[in-house]
Amino acid sequence: MQYQTESWGSYKMNKIGFGGVGMVADTAGLLRIESLAAESAVVIFSVSTCCMCHAVKGLFRGMGVSPAVHELDLHPYGGDIQRALIRLLGCSGASSPGSLPVVFIGGKLVGAMDRVMASHINGSLVPLLKDAGALWL
C-alpha cells in the first residue's frame, strides 16, 4: 500500500472552502505552514518533549537526511501552527494521538508518525526523499 501525499493546492481548494470559527487563525496558521514546509526538502513539525517526534527525527537523521525541524513548543506561533496542523490532518483536538510529529517532504504533506512509518516500511519513503532531493542513494 502506498500513501499519496497531498498538495497544498488541493488542500486549499477542498478544505478551506468552508467557513467557521477560527477560520482567520487557521488560514494564518496554514500560510505559516506552507511557508515553513517549502524551506527545506524535509520539514518536521515537532514538540521538543515528544518521544514520537524524537523517533521520527531520528529516523530521518539515521537515513542521512537533514530535516528542518520546527519545535512548536518553542516557536512564537507554535499554538496557531499546531491547531492548523491538527485541522489539516483531520484530528479532533490538540491532544489527539498521532497529531505530532507532522512531516512534509518536497513541500507536500506526508502526514503524522503513522503515515511516515507506513511509508518507510512499505518502501515508498526513500523514493519520496530522492524525488525531493533530500537523499542521494
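Residues numbered from 1 in each chain as written. Predicted model: local features only at pLDDT ≥ 70, side-chain atom pairs only at ≥ 80, totals over all residues. Heavy atoms only, no water.

> So what's going on with the packing of aromatic side chains? Which residues, and what values?
As enumerated under the stated definition, the model contains one aromatic pair in all. For the pair phenylalanine 45 and phenylalanine 104, a centre-to-centre distance of 5.7 Å together with 80 degrees between the ring planes defines the contact as edge-to-face. Of this pair, phenylalanine 45 sits in strand 1 (residues 42-46) while phenylalanine 104 sits in strand 3 (residues 102-105), and the two are 59 residues apart along the sequence. Directly above the ring of tyrosine 77 sits arginine 32, whose terminal nitrogen or CZ lies 3.6 Å from the centroid. (Phe/Tyr/Trp six-rings, centres within 6.5 Å; stacked < 30°, edge-to-face > 60°. Helix = DSSP H or I, 4+ residues; strand = E, 2+ residues; numbered from the N terminus. Lys NZ or Arg CZ within 6 Å of the ring centre and 35° of its normal.)

> Please provide a residue-by-residue account of the pattern of salt bridges, values included.
Side-chain pairs of opposite charge can arise where the charged atoms are in close proximity. Inspection of the entire model under this criterion finds two salt bridges. Among the ionic pairs, glutamate 71 bridges to lysine 57, the shortest N-O distance being 2.7 Å. Within this pair, whereas glutamate 71 is found in strand 2 (residues 68-71), its partner lysine 57 is found in helix 3 (residues 51-62), the two being separated by 14 residues in sequence. Each member of the pair, glutamate 71 together with lysine 57, is buried. (Salt bridge = Lys/Arg side-chain N within 4 Å of Asp/Glu carboxyl O. Buried < 20%, exposed > 50% of the residue type's maximum accessible area, 1.4 Å probe, protein only.)

> Please set out the sheet that holds strand 3 residue by residue, giving values where relevant.
Pairing is mixed across the open sheet formed by four strands, whose spatial order is 2-1-3-4. The sheet terminates laterally at strand 2 and strand 4 (108-112), the two strands that pair on one side only. For this sheet, the mean inter-axis angle between neighbouring strands, taken without regard to orientation, is 20 degrees. Across four bridges, the pairing between strand 1 and strand 3 is antiparallel. Paired with isoleucine 44 across the two strands is valine 103, which belongs to strand 3. Strands strand 1, strand 3 and strand 4 of the sheet are contacted by helix 6 (residues 125-132), whose axis makes an angle of about 55 degrees with strand 3. (Pairing = 2+ DSSP bridges. Axes fitted to C-alpha atoms, helices over the stretch in contact; angles between N-to-C directions. Contact = heavy atoms within 4.5 Å.)

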